[in-house]
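A look at the structure
Here's the letter readout for the chains.
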Amino acid sequence: MSVRGIDSFKADLHKYPHPYGIIGAGYNGIKAALFLQKDGQTDFTIFDRYDRVGGHAWLESANKTTRLQTEFSAYHLWYGEEWSVEGVKKCGGPPRDWEMWPSRDRILEHFDLCVQEYGLLAHCQLGVNVELAELQGKLTDEDRSFRFACQPVLPNRKDEQGGTKLAHQTKTTSEGYAAGFTPDKSREAFIFTCSCFCIWPGNLINP
């Protein structure tokens, strides 16, 4: 028996009318992007108010003496069957030679290497604070969407231990650190529309 006119018996990927939105370029945000990419989904954008990937936990909370004391796989971004099987060459292949308890700087190196090797930087809007996520339509509508109000902000993080607190650390309010970031007047605020999104609070404590 032959069947004509069918390219594949696999179900087609669902096509949303708008991109996916990912708020937070830390571990969970980047991992979410990796899974989307692995699933064949390339229409997504990652937002983060910091000017580099890594997330609040490793860009702000950790210091030069911090070590990740956990199981080997937990913070190696490309670790797992999907990215570390034999034959995979990205990020140097399976991370056999990486430390069991990597330092803060080594962890940030993991982030940078991963987003570069997997082409995720092209999907990143760094130095951008998502001030508002507003539902458009009913949540149960198939064509509903979310409207992000995006405000570019100036780089503001500490690369060295010690010294005084930064503005966003001293101006923390009920809104978290976001209220302390200074708008970047050289870049215009903009609206981003997505069909669905996920959000990863910074260090699980700061919105």
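Everything below is about the structure shown above.
Quick look at the structure, then. What you are looking at is a predicted structure, and each value in this text was computed from that prediction instead of being measured.

1. Details of the pattern of salt bridges
Summed over the entire model, instances satisfying the criterion amount to five salt bridges. Put simply, Arg-147 and Glu-134 hold a salt bridge, and the shortest N to O gap is 3.9 Å. Within this pair, whereas Arg-147 is found in strand S5 (residues 145-152), its partner Glu-134 is found in strand S4 (residues 128-136), the two being separated by 13 residues in sequence. Residues Arg-187 and Asp-184 are paired through a salt bridge, measuring 3.0 Å at the closest nitrogen-oxygen approach. For Asp-184, a relative accessible area of 10% translates into the label buried.

2. Let's talk about the packing of aromatic side chains
Enumeration according to the criterion identifies seven aromatic pairs in this entry. A centroid spacing of 5.6 Å and a plane angle of 80° characterise the contact between Tyr-50 and Phe-181, whose relative ring orientation is edge-to-face. You can see Tyr-50 sitting in the loop between strand S2 (44-48) and helix H2 (55-61) and its partner Phe-181 sitting in the loop between helix H4 (167-170) and strand S6 (190-194), a full 131 residues away along the chain. Residue class for Tyr-50 comes out buried when judged on its relative accessible area of 5%. Here the aromatic cluster, defined as three or more aromatic residues joined through ring pairs, consists of Phe-47, Phe-146, Phe-148, Phe-192 and Phe-197. One residue, Arg-49, lies across the ring of Phe-181, its end atom 5.8 Å from the ring centre.

3. As for the sheet that holds S4
Read across the open sheet, the three strands follow the order S4-S5-S6; overall the sheet is antiparallel. In this open sheet, the two edge strands, each paired with only one partner strand, are S4 and S6. Each neighbouring strand pair of the sheet contributes to a mean axis angle of 25°, computed without reference to strand direction. One ladder, built from five bridges, connects S5 with S6; its direction is antiparallel. Along S6, the bridge assignment pairs Phe-148 with Phe-192.

4. What about the packing of helix H1 (residues 27-38) against helix H3 (residues 104-117)?
Across the interface, H1 lies against H3 with an axial gap of 11 Å and an inter-helix angle of 25°. In terms of axis orientation, H1 runs roughly parallel to H3. Relative to H3, H1 is oriented so that their crossing is left-handed. Residues Tyr-27, Ile-30 and Leu-34 of H1 form the contact with H3, whose participating residues are Phe-111, Cys-114 and Val-115. Along the lines of polarity and charge, the residues of the contact of H1 with H3 split into six nonpolar, no polar and no charged.

Calculation criteria
Residues numbered from 1 in each chain as written. Predicted model: local features only at pLDDT ≥ 70, side-chain atom pairs only at ≥ 80, totals over all residues. Heavy atoms only, no water. Salt bridge = Lys/Arg side-chain N within 4 Å of Asp/Glu carboxyl O. Helix = DSSP H or I, 4+ residues; strand = E, 2+ residues; numbered from the N terminus. Buried < 20%, exposed > 50% of the residue type's maximum accessible area, 1.4 Å probe, protein only. Phe/Tyr/Trp six-rings, centres within 6.5 Å; stacked < 30°, edge-to-face > 60°. Lys NZ or Arg CZ within 6 Å of the ring centre and 35° of its normal. Pairing = 2+ DSSP bridges. Axes fitted to C-alpha atoms, helices over the stretch in contact; angles between N-to-C directions. Parallel < 35°, antiparallel > 145°, perpendicular 65-115°, else oblique. Left-handed = near helix turned anticlockwise from the far one by under 90°. Contact = heavy atoms within 4.5 Å. Nonpolar A, V, L, I, M, F, W, Y, C, P; charged D, E, K, R; others polar.

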